[in-house]
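# Fold and contact review
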Amino acid sequence: SKEIELIHLKFCKSLLNVKTTFSNMGVYGELGRYPSYINRYTRIIKFWCKIVSSSNLLIEKMYYYFCECNVKRNNWAYQVKYLLDCYGFSYVWNNPFCVDLNSFHIFFKERVIDTFKQNWNQRLQECGTLDIYKKCKTVFEFENYLDVLPFKLRSNVSKLRLASHKLAIET
């Protein structure tokens, strides 16, 4: 998944025509894109919901076998529990039928996106090279100028906003 995300970021940076060493947070914010782990985590939880609510005896026995394994084991069920714990849904692991399992993955995805946006905003504020960007970017969303402007102008605006240029303004 790390390799896929690197390819995703490389593609996004080439769309904006910024340096490959540039801050990932600026690229995500400018394009309004989320890292691929968000969809991956959501699919894992959606699959877990299907397993938990399954009436298939074989699936049920396999699931409970993984749940009863030593917690130190690094199995799939333990990873699901860890994901739920990380995003504040421990109670769902303990009692999965306290929520609607058909739509729980939607709430989970919203929580993961909200967490990402909070981290994005915090990292953006801590970044010293994105001073101009912090002033003009207040909401995590796709910037409309990327659709309207021609490539050369769009590239220059992106470089200026993201401080990925050769101007000596910092010194």
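Heads up: the structure comes first, above all this text.
A short tour of the structure in this document, coming up. Not measured: the values here are computed from a predicted model.

### Quick look at the state of the cysteines
A complete count under the given rule lists 0 disulfides for this structure. You can see Cys 86 has no disulfide; the closest cysteine sulfur is in Cys 49, sitting 17 Å from it.

### Observations regarding the environment of Val 139
Residue placement: Val 139 occurs in the loop between helix H8 (131–136) and helix H9 (145–148). Between the C-alpha atoms of Val 139 and Lys 46, which are 93 residues apart in sequence, the distance is 28 Å.

### A few points about the pattern of salt bridges
Charged atoms that come close allow side chains of opposite charge to pair. In this structure the tally under the stated criterion is 4 salt bridges. Between Asp 85 and Lys 81 there is a salt bridge, with its nearest N and O atoms 2.9 Å apart. Residue Asp 85 and its partner Lys 81 are both found in helix H5 (residues 76–86); the two are separated by 4 residues, about one turn of the helix. For Asp 85, a relative accessible area of 30% gives the class partly exposed. Two residues, Glu 143 and Arg 161, come together in a salt bridge whose shortest N-O distance is 3.6 Å. Pair noted here: Glu 143 is in the loop between H8 and H9 and Arg 161 is in helix H10 (residues 151–161), with a separation of 18 residues, a long-range link. Residue classification places Arg 161 among the buried positions, given a relative accessible area of 14%.

About the cut-offs
Residues numbered from 1 in each chain as written. Predicted model: local features only at pLDDT ≥ 70, side-chain atom pairs only at ≥ 80, totals over all residues. Heavy atoms only, no water. Disulfide = S-S within 2.5 Å. Helix = DSSP H or I, 4+ residues; strand = E, 2+ residues; numbered from the N terminus. Salt bridge = Lys/Arg side-chain N within 4 Å of Asp/Glu carboxyl O. Buried < 20%, exposed > 50% of the residue type's maximum accessible area, 1.4 Å probe, protein only.

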